[in-house]
Amino acid sequence: MSSSIVGSRELPSSQYDLSTYWGRVRHSADIADPRTLLTSRKALGAHTALLGKYKRGEIPPRMTPELWHAKKVVDATLHPDTGKPVFFPFRMSCFVFSNLVVTAGMLTPNLTTRGVLGWQIANQTLNVLINTSNANKSSPLSSGQLAASFLLAVSASCGVAVGLGKVVQKVSLKPKAKMILGRLVPFAAVATAGVMNVCLMRGGEIEKGIDVYPVSDDGGKKESLGKSRKAAIFAVGETAISRVLNATPIMVIPPLLLVRLTAMGWLGSRPKFVMPINCGLIFATSIFALPLALGAFPQRQAIKAELLEPHFWGKGGKEGLVEFNRGM
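What you see is a predicted model; the values in this text were computed from it and never measured.

K.L.:
What is the right way to look at the UniProt feature "transmembrane region" (unreviewed entry) in the chain in this model?
P.N.:
Those places that UniProt annotates as "transmembrane region" (unreviewed entry) correspond, in this numbering, to residues 146-168, 180-200, 231-253 and 273-297. Within the segment residues 273-297, helix and strand shares are 84% and 0% respectively, and the terminal C-alpha atoms sit 38 Å apart.

See the structure below:
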């Protein structure tokens, strides 16, 4: 993100009002815009250099369309803590495409137990890579901790998916109701494991704390006030909630629409169209769901210093506030 670029003049956080939900949604739509994936390394360097000139005061303090575009590309590409590009498939701007294949696999009707396990493992692998790539980097996990967290998350998702699937098969319900419940089992597994995945993968942040900075208007490179475990709990908790909010429409709307389309007869007699229509529904839902979920909480969260540990009290900046990178 542009916040990683050093300079004495601070860039505006967004061209939208981030104190409102819809302002954050519009800002998140910029970060998740797949068109930013087409940016070449040379163009990214030019955008970063332009923003650097602004922050160093080498150009007038007026945001032009060119500056806003540069900020959009940089925010969608660079990690806010390291200042380095997030690996291509794990950026939020690539989430719709990266997530499409595994979601379509999990929502495939009439999966065998082997298929359920395979797609749940694939989904949790993707989640681990996205979570670690976009997490706050001030307290990273060791390789051993990552491996242990991954195994726990996979066990949870597979256990919920297979266990609930067997429960639905044994419940005495009408065939249509049983089919609908069966199609919603992947959502329960993904939501449960998604929360666990975020919490486990970012457990190092909760254990060690994350860097907290005073809120100010003058910009420039801010010095960390120290690491806060309470700030980490805020950051990880909000990220886990946003993951559930994102998964809900993607894992619920397409399977229910597919059931409805199958019941109408046309799709039921043309099974070869089930997978393309399923992918289309998932893609369309994902495009709208991701910004709505990311906008639930600010990327850089500002709170009262007194809500954190006692050694932060009285050290807040503007209006007694401190801020930290929530991660994505």
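Having seen the structure, we can now continue with the description.
K.L.:
Teacher, can you tell me more about the environment of L292 here?
P.N.:
Mapped onto the secondary structure, L292 falls in helix α10 (residues 274-294). Taking C-alpha positions, L292 is 8.7 Å from R26, a pair spaced 266 residues apart along the chain. When neighbours within four sequence positions are excluded, L292 is seen to be in contact with Y21, W22 and V25.

K.L.:
Please explain helix α7 (residues 175-201) as it appears in this structure.
P.N.:
Working note: α-helix, 3.6 residues per turn, so residues spaced by three or four point in the same direction. With 27 residues, α7 extends 39 Å from end C-alpha to end C-alpha; this agrees with the ideal 39 Å at 1.5 Å per step. Where α7 bends most, the angle comes to about 30 degrees, and this point is L184, followed within four residues by the proline P186. Turning to α7, its buried residues number three or more, namely R183, V185, P186, A189, V190, A191, A193, G194, N197, V198 and M201. As for α7, its buried residues are in contact with α4 (95-106), α5 (113-134), α6 (143-170), α8 (203-208) and α9 (229-263).

K.L.:
Would you mind going over the domain arrangement of the chain with me for this structure?
P.N.:
Interface size, as often reported, equals the accessible area lost upon joining of the parts. Assigned domains within the chain: domain 1 (21-85) and domain 2 (93-325). Once you take the C-alpha centre of each, domain 1 and domain 2 turn out to be 25 Å apart. Contacts between the two partners involve 17 residues from domain 1 and, on the opposite side, 19 residues from domain 2. Summing both sides of the interface, domain 1 and domain 2 together bury roughly 1,300 Å²; the carbon and sulfur share of this comes to 65%.

K.L.:
What is the right way to look at the pattern of salt bridges in this model?
P.N.:
Taken as a whole and assessed by the stated rule, the structure comprises seven salt bridges. With its nearest N and O atoms 3.8 Å apart, the salt bridge here joins D30 to K72. Remark: K72 occurs in helix α3 (residues 65-77) and D30 occurs in helix α1 (residues 21-31); sequence separation between them is 42 residues. Side by side, D30 and K72 carry an identical accessibility label, which is buried. If you follow the salt bridges from partner to partner, you end up with D30, D33, R35 and K72 in one network.

K.L.:
Help me out: how do you make sense of the packing of aromatic side chains in this one?
P.N.:
Taken as a whole and assessed by the stated rule, the structure comprises three aromatic pairs. Relative to W22, the ring of Y21 lies with its centre 5.2 Å away and its plane at 65 degrees, an arrangement referred to as edge-to-face. Judged by relative accessible area, which is 57%, W22 ranks as exposed. Note on F97 and F283: the rings are 5.9 Å apart at their centroids and 40 degrees apart in plane angle, and the pair reads as tilted. Placement of the pair is F97 in helix α4 and F283 in helix α10, with a sequence separation of 186 residues. The class of F283 is partly exposed, set by a relative accessible area of 30%. The aromatic ring of Y54 is capped on one face by R9, whose charged end is 4.8 Å from the ring centroid.

K.L.:
Just checking my understanding: could you explain the side chain of R326 for this structure?
P.N.:
Within the secondary structure, R326 sits in the segment after β4 (321-325). One buried charge, R326, has no salt-bridge partner; the nearest side chain with opposite charge is E238, at 4.1 Å. Within the structure, the side chain of R326 is placed 3.3 Å from the backbone oxygen of F297, a separation counted as a polar contact. Among all residues touching R326, those that are not within four sequence positions of it are R202, A235, E238, T239, S242, L294, F297, P298 and Q299.

K.L.:
Where do I start with the nonpolar core in this structure?
P.N.:
Nonpolar side chains tend toward joint burial in soluble globular proteins. Counting residues in hydrophobic clusters, the biggest one holds 13 residues, and the most contacted among them are L11, L44, L51, Y54, M63, L67 and V74. Ranked by residue count, the leading element in this core is α3, at five residues. Once residues within four sequence positions are removed from consideration, M63 is found in contact with L11, P12, Y54 and W68.

K.L.:
What's the story with a nonpolar patch on the surface in this structure? I'm lost.
P.N.:
Taken together, the side chains of Y21, W22, F97, F283, I287, F288 and L292 define a hydrophobic patch exposed on the protein surface, amounting to about 690 Å² of accessible area. For the nonpolar patch, the secondary structure elements donating two or more residues are α1 and α10. When residues in the nonpolar patch are grouped by element, the largest group, four residues, is from α10. Examined against the element boundaries, Y21 turns out to sit in helix α1.

Here is what the cut-offs are and how they apply
Residues numbered from 1 in each chain as written. Predicted model: local features only at pLDDT ≥ 70, side-chain atom pairs only at ≥ 80, totals over all residues. Heavy atoms only, no water. UniProt positions renumbered as here; feature names shortened; annotations may be inferred. Helix = DSSP H or I, 4+ residues; strand = E, 2+ residues; numbered from the N terminus. Contact = heavy atoms within 4.5 Å. Expected span 1.5 Å × (residues − 1). Bend = angle between axes of the 7 residues up to and from the residue. Buried < 20%, exposed > 50% of the residue type's maximum accessible area, 1.4 Å probe, protein only. Domains from an automatic or database assignment. Buried area = accessible area lost by both parts, 1.4 Å probe. Salt bridge = Lys/Arg side-chain N within 4 Å of Asp/Glu carboxyl O. Phe/Tyr/Trp six-rings, centres within 6.5 Å; stacked < 30°, edge-to-face > 60°. Lys NZ or Arg CZ within 6 Å of the ring centre and 35° of its normal. Lys, Arg positive; Asp, Glu negative; His and termini not counted. Polar contact = N/O pair within 3.5 Å; in protein donor to acceptor, adjacent residues only side chain to side chain. Core = buried A, V, L, I, M, F, W, Y, C linked by side-chain atoms within 4.5 Å. Patch = residues over 30% accessible without salt bridge, like charges linked within 9 Å, V, L, I, M, F, W, Y side chains within 5 Å. Areas by Shrake-Rupley, 256 points an atom, 1.4 Å probe, with all protein chains shown as cover.

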